[in-house]
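Analysis of the macromolecular model
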Amino acid sequence: MQVSVVSPEQILFEGDATSVVVPAYDGLMGILPRHAPMLALLGKGLLTVKTAEGHRQFRVGGGFVQVRANVVRIVAEQTEPLQPAV
């Protein structure tokens, strides 16, 4: 599935992923390929994007996540990328 992580200043990640875990407003939410369409508010916490090469993590606060047609868009009001991990 295609994933993009966007802050007000820049695009932090754009690419293919095997799974995503987002800190939704009311708890953690896992997203896998072919997830049903949805829209949710982001809370504060750790966003994890798992790819074939490893995973990328970001601290996020506020914003929203949209899933539609195997595309995940995360638009965060506040973001801080953490070191890439394999």
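Keep in mind that what you see is a predicted model, and the values were worked out from it rather than measured.

**What to know about the side chain of threonine 48**
Looking at the element boundaries, threonine 48 is found in strand 6 (residues 44-51). For threonine 48, the side chain forms a polar contact with the side chain of glutamine 57, separated by 3.2 Å. Each residue touching threonine 48, except ones within four places of it in the same chain, is listed here: Ser19, Val20, Val21, His55, Arg56 and Gln57.

**Structural notes on the pairing of strand 3 (residues 19-24)**
Extensive coverage of strand 3 is indicated by the burial of 5 of its 6 residues. Bridge count between strand 3 and strand 6: 3 bridges; the pairing is antiparallel. Each bridged residue has a counterpart across the sheet, and for valine 21 the counterpart in strand 6 is threonine 48. Bridging between strand 3 and strand 4 (residues 27-31) involves 5 bridges; their strand directions are antiparallel. Each residue of the ladder has a partner; that of valine 21, found in strand 4, is glycine 30.

Definitions and limits used
- Starting afresh in each chain, residues are numbered from 1 along the sequence in its written order.
- A pLDDT threshold of at least 70 governs which residues receive local features in this predicted model, and a stricter bar of 80 or more applies before side-chain atom pairs are shown or counted, although totals over entire chains, interfaces and linings include all residues.
- Excluding hydrogens and water, the side-chain values take into account all heavy atoms of the structure.
- Helix and strand definitions here come from DSSP, where helices need a minimum of 4 consecutive H or I residues and strands a minimum of 2 consecutive E residues; each element is numbered from the N-terminal end.
- N or O atoms closer than or at 3.5 Å make up a polar contact, with two conditions inside protein: a donor-capable atom paired with an acceptor-capable one, and, for residues adjacent in sequence, both atoms drawn from side chains.
- Whether two residues are in contact is decided by their heavy atoms: any pair within 4.5 Å suffices.
- Three exposure classes are used, based on accessible area relative to the maximum for each residue type with a 1.4 Å probe and protein chains only: buried under 20%, partly exposed in between, and exposed over 50%.
- The pairing criterion for strands is at least two bridges between them, as found by DSSP.

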